[in-house]
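# Summary of the model geometry
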Amino acid sequence: MSLTQDTASARKDNTAMSFSPSAPRKHLHTRNIEFHGYLREDGLWDIEAEMRDTRNYEFLSREQAQMPAQTRVHNMLIRVTVNDDLVIQAIESAMPVTPFAECGQAASPLHKLIGARMGGGWRRTIDAAMGGVAGCTHMRELLFNMATAAFQTVPVYRLYQQRATGASMSRMSRPPPQMGKCLAWDFNGPVVQRVAPEFYRWRPPQA
């Protein structure tokens, strides 16, 4: 069986997996988070994120307002514009639905992230700009995971373009950031040995 066939079979097997039957239950809450990556005509990249929280039951808000079932209690959006190196060129946000009127003020520190790079230390960068009471927990959560969406968008598409045009592949001197971060991308594992043998059993150079 070829590698392509083997991968396809594994994916088919995974889609057949599911939870075991649950106990009788009532659906109470839904949180939807979506990330989208775009290549702009000017050569930059937009990474957009949206979070929506919905209650499936009638409830009394913290401000003592009666809220019907299917009420959206959070709806927050962020757009980050980055260059090829994942350095932030522009950032904006919208908060159509928040639990309190004051929540909108938490978006003000976002501009401090302009010039920062989505990479190592990204969580620390977010906390320095809008950690604690300076920002919003949900906005920080979205921002942190936008780095993964940016990686899936920018370098992955650049690699696709290289392969599609037959351009020579530049040899990397260091492994890409996903390596060494999960079981599949273990430097000593079969995935790295198979798809990136130049980094199989890789160790960082001694200082």
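Residues numbered from 1 in each chain as written. Predicted model: local features only at pLDDT ≥ 70, side-chain atom pairs only at ≥ 80, totals over all residues. Heavy atoms only, no water.

## Things to note about the confidence of the model for the chain
Low pLDDT marks stretches whose predicted atomic positions should not be read closely. Per-residue pLDDT for the chain has a mean of 88; in total, 89% of the residues score no lower than 70. The weakest mean pLDDT in the chain belongs to helix α1 (residues 3-16) at 51; the strongest belongs to strand β1 (residues 29-39) at 98. Within the model, pLDDT remains below 50 along residues 1-5, and this stretch shows 3 contacts once partners closer than five positions in the same chain are excluded. (pLDDT = per-residue confidence, 0-100. Helix = DSSP H or I, 4+ residues; strand = E, 2+ residues; numbered from the N terminus. Contact = heavy atoms within 4.5 Å.)

## A word on the nonpolar core
Of all hydrophobic cores here, the largest spans 32 residues; its most connected members are V80, M118, W122, M139 and L143. Broken down by element, the residue count for this core peaks at 8 residues, all from helix α3 (residues 137-165). Residues M179, F187, A196 and F199 belong to the second largest nonpolar core, which totals 6 residues. (Core = buried A, V, L, I, M, F, W, Y, C linked by side-chain atoms within 4.5 Å. Buried < 20%, exposed > 50% of the residue type's maximum accessible area, 1.4 Å probe, protein only.)

## A look at the side chain of H74
If you trace the backbone, H74 turns up in strand β5 (residues 71-82). Owing to a relative accessible area of 11%, H74 belongs among the buried residues under this scheme. Looking at H74, its side chain comes within polar contact range of the side chain of D53, at 2.9 Å. At a separation of 3.3 Å, a polar atom in the side chain of H74 contacts the side chain of H138. Non-local contacts of H74, meaning those with residues more than four positions away in its chain, are made with M51, R52, D53, V97, P99 and H138. (Polar contact = N/O pair within 3.5 Å; in protein donor to acceptor, adjacent residues only side chain to side chain.)

## With respect to the pattern of salt bridges
For the structure shown, the criterion picks out 9 salt bridges. Between E34 and R52 there is a salt bridge, and its shortest N-O distance comes to 3.8 Å. Of this pair, E34 sits in strand β1 while R52 sits in strand β2 (residues 45-55); the two residues are 18 residues apart in sequence, bridging distant segments of the chain. Judged by relative accessible area, which is 35%, E34 ranks as partly exposed. Accessibility expressed as a relative area gives 14% for R52, which makes it buried. For R40, the salt bridge is made with D42, and the minimal N-O distance between the two is 2.6 Å. Take R40: its relative accessible area is 28%, and that puts it in the partly exposed class. Here the residues in one salt-bridge network are R31, D53 and E141, joined through shared partners. (Salt bridge = Lys/Arg side-chain N within 4 Å of Asp/Glu carboxyl O.)

## Examining the packing of helix α2 (residues 122-130) against α3
Contact pair α2 / α3: the axes reach a minimum separation of 10 Å and the direction vectors enclose 150 degrees. As far as their axial angle goes, α3 and α2 are roughly antiparallel. Of the two elements, α2 crosses α3, and the hand of that crossing is right-handed. Facing W122, R123, I126, D127 and M130 of α2, the residues of α3 in contact are M139, R140, L143, F144 and A147. Residues belonging to the contact of α2 with α3 are distributed by class as follows: 7 nonpolar, no polar and 3 charged. (Axes fitted to C-alpha atoms, helices over the stretch in contact; angles between N-to-C directions. Parallel < 35°, antiparallel > 145°, perpendicular 65-115°, else oblique. Left-handed = near helix turned anticlockwise from the far one by under 90°. Nonpolar A, V, L, I, M, F, W, Y, C, P; charged D, E, K, R; others polar.)

## Concerning α2
For α2, the set of buried residues is W122, I126, A129 and M130. Projection of α2 onto a plane perpendicular to its axis shows the buried side chains occupying an angular sector of 70 degrees, all on one side. More than 90 degrees from the buried face of α2, the exposed residues found are R124 and A128. Next to the buried residues of α2 lie β6 (88-97) and α3. (Arc of directions from axis to C-beta.)

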